[in-house]
Amino acid sequence: MSNKKIMLVDDEPLNLKLFQNMLKENDFQIITASNGQECLDQVQVAAPDLILMDWNMPVLDGLETLKRLKQNEHTKDIPVLMITGVMTSSEDLALAMNSGAIDFLKKPFEKLELNARVKNIILLSSTLKILKAHNHSLEDKSIFISSLLESIPHPVIYCSLEGILLMCNHFFEQLIEKDKAELLGKSVYRHFLSDEIGYHVQKDIELIQNGVAIAYEKNGFPGDKTFIISKNVVLDSHNQPLGIITAFTDISELKKANEENINNKKIELISSTLKLMHLNEMNTSLINDLEKVLPHATKEGQEQIRKMTGKFKMNMAEQIWNDFEARFESAFDSFYRILLERFPNLTPNERKLCALLRSGFSSKDIAVLTFQNPQSVDVARYRLRKKLNLVNDENLTDFLLLIDKQQTDKQPITTEV
C-alpha cells in the first residue's frame, strides 16, 4: 500500500504529526491540510485514496467539508474517515454517516486501531473501485467476483443477504480447513464462535439496512486469532442489495508483536530508572559530604558551595527526568494523551508525578529521583488525588494503572460507516 495517498485534515499541528507517526510504517504518501477549505483547495489535484478528517476545525469544519466533497462529481468517491473527540454521540455518528463518511473514529485511539481501519478502508475501497469499473463490462458478475476474491491476499467471502456462502477464496478455505464443496450453499454463520453468531447476524442486518461499509474486531472463529472483519454490500444495477462481501484481516501476530515490544520497553524503563536511582543516591551522598564542609568554609565559600550544590541538583534532576520521560512515553505511548484528555488542567509537575506513580515507584523512590524529601512527595500525592477527584477508598496508583490499561483492554473495535 506504499503508493497510496492519505490526506490528513486537522487544525492542530500536533495531531497532524501524531497521525503521520502512527501511519509511517505503511510508507503512505501523506498530504496535510489545516482546515476544510484547504482540503477542498488541494483535493482534486492531490487525488488522495483516503481522507482522515477532523470534525471540529476553524474556517470550514469537517462535516461541511465532507458534504461538499460528496456533492462534487470528482471527489464524491474518495472515502472519508471522520475523527473526533467531541462529537461522539450516536446522533453525531448517524449525521456523519448520512453525510457520506465511510468510517468514524473516536479519540483517543491506538496506533494499531488506526492502521487497521485505514488498511481495511483502502482495501475495501480499492475492491469496490475495481468492481465498479468492471461491472458494466462483465455479463456474469459471479465470474468477476470470484476472480476478485482470489486476488485479495486475505480470507474473503461473498454471501447472500441471508448469510448463505456463495463464493470464497482459497485463503478462507485454509482458515476454515475445508474446501469449497463443503462450504458453498451453507450458512456462513455456523463457522463463527457460537456465542458470537448473534453479533455477526446483527451486524449484517445493520449493513443491509444502512447500505454502508462496517468494520469491527472479533476473534470470529475457534482458536486464538483476532481479525478485523470488514463488510460491504454489493448492489445490483438498480442499487438494491444483492449480497455481502466480507474480508478477514488477521491481526493476531501484529497485536502479539506490539505487546511484546511494549513489554520490552517497560523492562527497559524499569532497568534504566533503577540505574538512575543508584546514580542519584551516589550524587546525593556526594552533595551531603560537600555540605558538611560548610561550617569550616568562609562566608563567601559557603555561598559558593550552596550555589554549586543547588545548580548540580537542578541539572541532575532535569537530565534524569528527560531520560525517564523519553523511555516512559515509548513504553506507555497512550498514557499522557488519555490522562490529559480526562484531566486537562494538570500541571507539568503533576503530570510528572502521574508518570512516576504509573511506573510503580513509591514516594521514597520518587524523592530520590527528584531530589525531594518523601514528605514533600506525599503532600504532592494528596493534592493530586484531589485534582483527580478520587474518593477516600480509591488507590491513586491503581487509578493511574487503569487509565491506559482500559484503552488497551477495551471492547472489540466496532465501526459502523
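To be clear, the structure that these remarks concern was listed above.
Quantities reported herein were computed from a predicted structural model and do not represent experimental measurements. Throughout, a residue's number is its position along its own chain's written sequence, starting from 1. Per-residue local features of the predicted model are confined to residues with pLDDT of at least 70, and side-chain atom pairs are confined, for both listing and counting, to 80 or more; whole-chain, interface and lining totals are unaffected and use all residues. Hydrogens and waters are ignored; side-chain quantities use all the structure's heavy atoms.

### What about the overall build of the protein?
Link 1 in the chain: Put simply, DSSP marks the helices as runs of H or I at least four residues long and the strands as runs of E at least two long, and each gets a number from the N terminus on. Looking only at helices and strands, the protein features 16 helices and 11 strands.
Link 2 in the chain: Here, two residues are considered to be in contact whenever any of their heavy atoms come within 4.5 Å of each other. Contacts spanning at least 24 positions in sequence make up 57% of the contacts within the protein whose residues lie at least 6 apart.
Link 3 in the chain: Carbon together with sulfur atoms contributes 52% to the accessible area of the protein, which is approximately 22,000 Å² in total. Where accessible areas are quoted, they stem from the Shrake-Rupley method and a 1.4 Å probe; at the residue level, only the protein chains shown are allowed to cover.

### A closer look at the sheet that holds strand S1 (residues 5–9)
Link 1 in the chain: The pairing criterion for strands is at least two bridges between them, as found by DSSP. As summarised here, the arrangement of the five strands in space is S2-S1-S3-S4-S5, forming an open sheet in which the pairing is parallel. Because the sheet does not close on itself, it has two edges, and the strands there are strand S2 (29–33) and strand S5 (103–106). Taken pair by pair, the neighbouring strands of this sheet meet at an average axis angle of 20°, ignoring direction.
Link 2 in the chain: As defined by bridge partners, S1 adjoins strand S3 (residues 50–54) across four bridges and the pair is classed as parallel. Note that in S3 the partner of Val 9 across the bridge is Met 53.
Link 3 in the chain: Each of strand S4 (80–84) and S5 touches helix H4 (residues 90–98); the most contacted strand, S5, lies at about 145° to it. Axis geometry follows a simple rule: fit a line to the C-alpha atoms, using only the stretch in contact for helices, then measure angles between N-to-C directions, giving values from 0 to 180 degrees.

### Here's the deal with the nonpolar core
Link 1 in the chain: In this text, buried Ala, Val, Leu, Ile, Met, Phe, Trp, Tyr and Cys residues form a nonpolar core when linked through side-chain atoms within 4.5 Å. Residue burial is assigned from relative accessible area. The probe radius is 1.4 Å, only protein chains are included, and a residue is buried under 20% of its type maximum, exposed over 50%, and partly exposed in between. Of all hydrophobic cores here, the largest spans 28 residues; its most connected members are Phe 335, Leu 339, Leu 384, Leu 388 and Leu 400.
Link 2 in the chain: Elements supplying a minimum of two residues to this core: helix H11 (299–331), helix H12 (335–342), helix H13 (348–358), helix H14 (363–370), helix H15 (374–387) and helix H16 (396–408).
Link 3 in the chain: Take this core: its biggest share by element is five residues, from H13.
Link 4 in the chain: Ignoring sequence-local partners within four residues, the contact set of Leu 339 consists of Leu 346, Cys 354, Leu 400 and Ile 403.
Link 5 in the chain: Judged by nonpolar contacts, the second largest core, of 21 residues, contains Cys 39, Ile 51, Leu 69 and Met 82.

### Focus on the packing of H13 against H15
Link 1 in the chain: Here H13 crosses H15 at 100°, and the two axes come no closer than 10 Å. Overall, the two elements H13 and H15 adopt an arrangement that is roughly perpendicular. For the pair H13 and H15, contact is made by Glu 350, Leu 353, Cys 354 and Leu 357 and by Val 377, Ala 380, Arg 381, Leu 384 and Lys 387, respectively.
Link 2 in the chain: The residue classification treats Ala, Val, Leu, Ile, Met, Phe, Trp, Tyr, Cys and Pro as nonpolar and Asp, Glu, Lys and Arg as charged. All others, Gly included, are polar. Of the residues assigned to the contact of H13 with H15, the class counts are six nonpolar, no polar and three charged. Note that the term roughly parallel is reserved for angles under 35 degrees, roughly antiparallel for angles over 145, roughly perpendicular for angles of 65 to 115, and oblique for everything else.

### Description of the packing of aromatic side chains
Link 1 in the chain: Between the rings of Phe, Tyr and Trp (Trp by its six-membered ring), a pair exists once the centres lie within 6.5 Å; its type follows the angle of the planes, with under 30 degrees stacked, over 60 edge-to-face, and the other angles tilted. Throughout the structure, instances matching the rule amount to 13 aromatic pairs.
Link 2 in the chain: Three or more aromatic residues joined by ring pairs form one cluster here, namely Phe 172, Tyr 189, Phe 192, Phe 221, Phe 227 and Phe 248.
Link 3 in the chain: If you follow Lys 218 out to its NZ or CZ, it ends over the ring of Tyr 199, 4.2 Å from the centre.
Link 4 in the chain: Here, a charge over a ring is recorded when the distance from Lys NZ or Arg CZ to the ring centre is within 6 Å and its angle to the ring normal is within 35 degrees. The cationic tip of Arg 351 hangs over the ring face of Tyr 336; the distance from NZ or CZ to the ring centre is 3.9 Å.

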